[in-house]
Amino acid sequence: LFNLDEGAFSEATREMLINHDFITTYLNGALRFDKPILIYWLQALSVSIFGLNEFALRLPSAIAATLWALGIYFFAKKLYEEKTALFASFFMVSALQIGLIAKAAIADSLLNMFIAFSMFSLYFYIKEHKKTYLYLTFAFIAGGFLTKGPVAVLVPLATFFIYSLIKKDFKFFLKTVFNPIGIAIFLVIALPWYIAEYMAQGEKFIEGFFLKHNLSRFETSFEKHKGSIFYYIPVILIGLLPWTTLLIKYFTKIKSYLKSKDDFLLFGTIWFLFVFIFFSLSGTKLPHYVIYGYTPLFIFMALSFKEIKSEFLLSLPFVLFLITLFVLPFLAQKSIPFLKHDPFTLTAVITLLHLFNKIYFFIIGTLLFLSIFKFTKEIKALILGFGMITVLNYVGWIYAHVRAIPVKEAALYVKKHNIKQIVMYKLNTPSFNVYAQMLVEKRKPKIEDVAIMPVTKLKNFSYDMLYKGGVIALVKIKKEKKSMPLNYKKERM
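Residues numbered from 1 in each chain as written. Predicted model: local features only at pLDDT ≥ 70, side-chain atom pairs only at ≥ 80, totals over all residues. Heavy atoms only, no water.

Draft legend 1. Looking closely at the pairing of strand β6 (residues 461–469). Note that β6 and strand β7 (residues 472–480) share 8 bridges and pair antiparallel. Note that in β7 the partner of glycine 469 across the bridge is isoleucine 472. Hairpin remark: β6 followed by β7, antiparallel, with 2 residues in the connecting loop; positive phi at glycine 470, about 55°. (Pairing = 2+ DSSP bridges. Helix = DSSP H or I, 4+ residues; strand = E, 2+ residues; numbered from the N terminus.)

Following this line, the structure appears as structure tokens:
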């Protein structure tokens, strides 16, 4: 499990099962109001069936991503034709950013599924005026509201509002939004947990969830996650690898899409642009926020794929990405002399270097050759897509040896040796709690404490080493080394 997000969601789910409290979530014994309840319920159900392990914790996200891909396929097939639908789904499952969230033990895959389904249902209702689509829209929005809160309402509401203004049908917008049966469906699904949580936690829930984790994220830079107004431009160019060429081709046609007789080109473009602009203006910026607007892009890229003529241009972004990965180990080696004043990064780089082995260069080299070699456009797309999936998983496995696997191994050491109390110092790795199946104290360790900390902090203590891996160490503290007086060096001279 990768920290911070996967570890936090997984540990909150573990504590839910331990506490038998299925209303309020806790993280390391403290109240956690970051997200609503649905993803925790699904993870808890999966863990109850399959046990406490990575597979069970990630399964709900993987299922949600699969349904999301299938939703794109059936929606695009109804609007266009099967080949466009197939490639739209394939572009989705093989895109870099989707690969990062689609099977991670976090809420984003589930939320994006609900946003996509609500928007598909809403569009069909706009076109066909069938009440079933309207009621499904409210139900899917409610599911998203139980997954991540107001953003699940904001995206379809704002997109529909702008679309209605352009179409000069604001009366239909009001009639749809204030449909009493639809509102009742939303309330029946979403409201019970919010009421139960308010009854359990009162004003702490209002302040922690709505004010801190929703309103404050837009108004201010929350938890130092800030960036310029152009933050999401490189995010989407890299995040949609290996399909960046198709994305750029779409960008060149946005103006015509906004004037197109194909209403989904307008609807989907409004959907993407609203998400992109809204979160570009937000005080808090995280790469996954812009994914809420990606779904229509996969369909637009499939439409662009039909028109693209140059196989070289299609492959170029992935080729550049592979070249970067190929030279990365050499750059890392060259950076070592410059990292002497940053021991944490230096340790991470040294740990990584031995994993950049012959297998690594063989995989990157083979994919580079296949990406450059001439094939039909369709075969080249398959190579790029499966190549991206291969690279993402392999590089993720390498990175795990620095930040994730050592935390797991340290936790399993604690569990095996039945160590009852752990101090976590200068770290925030909740996955440790998951694997050790215990809470930890976060403070400066004292004599006789068993502590997990970054290896760079070991110099402050005398200790017995219990486990060391990557950038973390598990030690038993013998004593703290006293700081050297400021005038010590001067007196010696």
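After that view of the structure, there is still more to cover.
Draft legend 2. Region of interest: the packing of aromatic side chains. On inspection of all chains with the given rule, the structure shows 59 aromatic pairs. Centroid distance phenylalanine 330 to phenylalanine 361: 5.7 Å. Interplanar angle 40°. Geometry classified as tilted. Highlighted residues: phenylalanine 330 in helix α17 (residues 311–335) and phenylalanine 361 in helix α19 (residues 358–372), separated in sequence by 31 residues. Lying over the aromatic face of phenylalanine 124, lysine 78 brings its terminal NZ or CZ to 4.4 Å of the ring centre. The ring of phenylalanine 305 has lysine 377 sitting right over it, with the charged end atom 5.0 Å from the ring centre. (Phe/Tyr/Trp six-rings, centres within 6.5 Å; stacked < 30°, edge-to-face > 60°. Lys NZ or Arg CZ within 6 Å of the ring centre and 35° of its normal.)

Draft legend 3. Region of the structure containing the confidence of the model for the chain. Chain-level pLDDT for the chain is 91 on average; 94% of the residues reach the 70-or-more range. Considering each helix and strand of the chain separately, the mean pLDDT is smallest for helix α23 (residues 488–492), with a value of 37, and largest for helix α3 (residues 54–79), with 98. Long-range and interchain partners of residues 484–493, a stretch whose pLDDT sits below 50, account for 0 contacts in this model, where long-range means more than four residues apart. (pLDDT = per-residue confidence, 0-100. Contact = heavy atoms within 4.5 Å.)

Draft legend 4. Representation of the pairing of strand β5 (residues 450–454). Where burial is concerned, most of β5 is hidden: 5 out of the 5 residues are buried. Pairing of strand β3 (residues 423–424) with β5, which is carried by 2 bridges, proceeds in the parallel orientation. Bridged to methionine 424 within β5 is isoleucine 452. (Buried < 20%, exposed > 50% of the residue type's maximum accessible area, 1.4 Å probe, protein only.)

Draft legend 5. Expanded view of the sheet that holds β7. The 5 strands are arranged β4-β3-β5-β7-β6 in an open sheet whose pairing can be described as mixed. For this open sheet the edge positions go to β4 (441–442) and β6, each flanked by a neighbour on one side alone. Bridge count between β3 and β4: 2 bridges; the pairing is parallel. In the strand pairing of β4, methionine 424 is matched with lysine 442. Packing of helix α21 (residues 405–416) onto the sheet brings it into contact with β5, β6 and β7, and relative to β7 it is tilted by some 55°. (Axes fitted to C-alpha atoms, helices over the stretch in contact; angles between N-to-C directions.)

Draft legend 6. Focus on helix α2 (residues 38–50). In a regular helix each residue adds 1.5 Å, so 13 residues correspond to 18 Å; α2 covers 18 Å between its end C-alpha atoms and thus fits that length. Turning to α2, its buried residues are Leu38, Ile39, Tyr40, Gln43, Ala44, Ser46 and Val47. The elements touched by buried residues of α2 are α1 (5–19), α3, α6 (108–128) and α7 (131–148). At the C-terminal side of α2, glycine 51 shows a positive phi close to 90°. (Expected span 1.5 Å × (residues − 1).)

Draft legend 7. Expanded view of the pattern of salt bridges. Under the counting rule described, the total for this entry stands at 17 salt bridges. Lysine 167 is the salt-bridge partner of aspartate 263, the closest N and O atoms lying 2.8 Å from each other. You can see aspartate 263 sitting in helix α15 (residues 263–281) and its partner lysine 167 sitting in helix α8 (residues 151–167), a full 96 residues away along the chain. Relative accessible area serves as the criterion here: at 11%, aspartate 263 is assigned to the buried category. Assessed through its relative accessible area of 37%, lysine 167 is described here as partly exposed. A salt bridge links glutamate 441 to arginine 443, with the shortest nitrogen-to-oxygen separation between them at 3.0 Å. Owing to a relative accessible area of 31%, glutamate 441 belongs among the partly exposed residues under this scheme. Connected through salt bridges with shared partners, the residues Lys78, Glu128 and Lys130 form a single ionic network. (Salt bridge = Lys/Arg side-chain N within 4 Å of Asp/Glu carboxyl O.)

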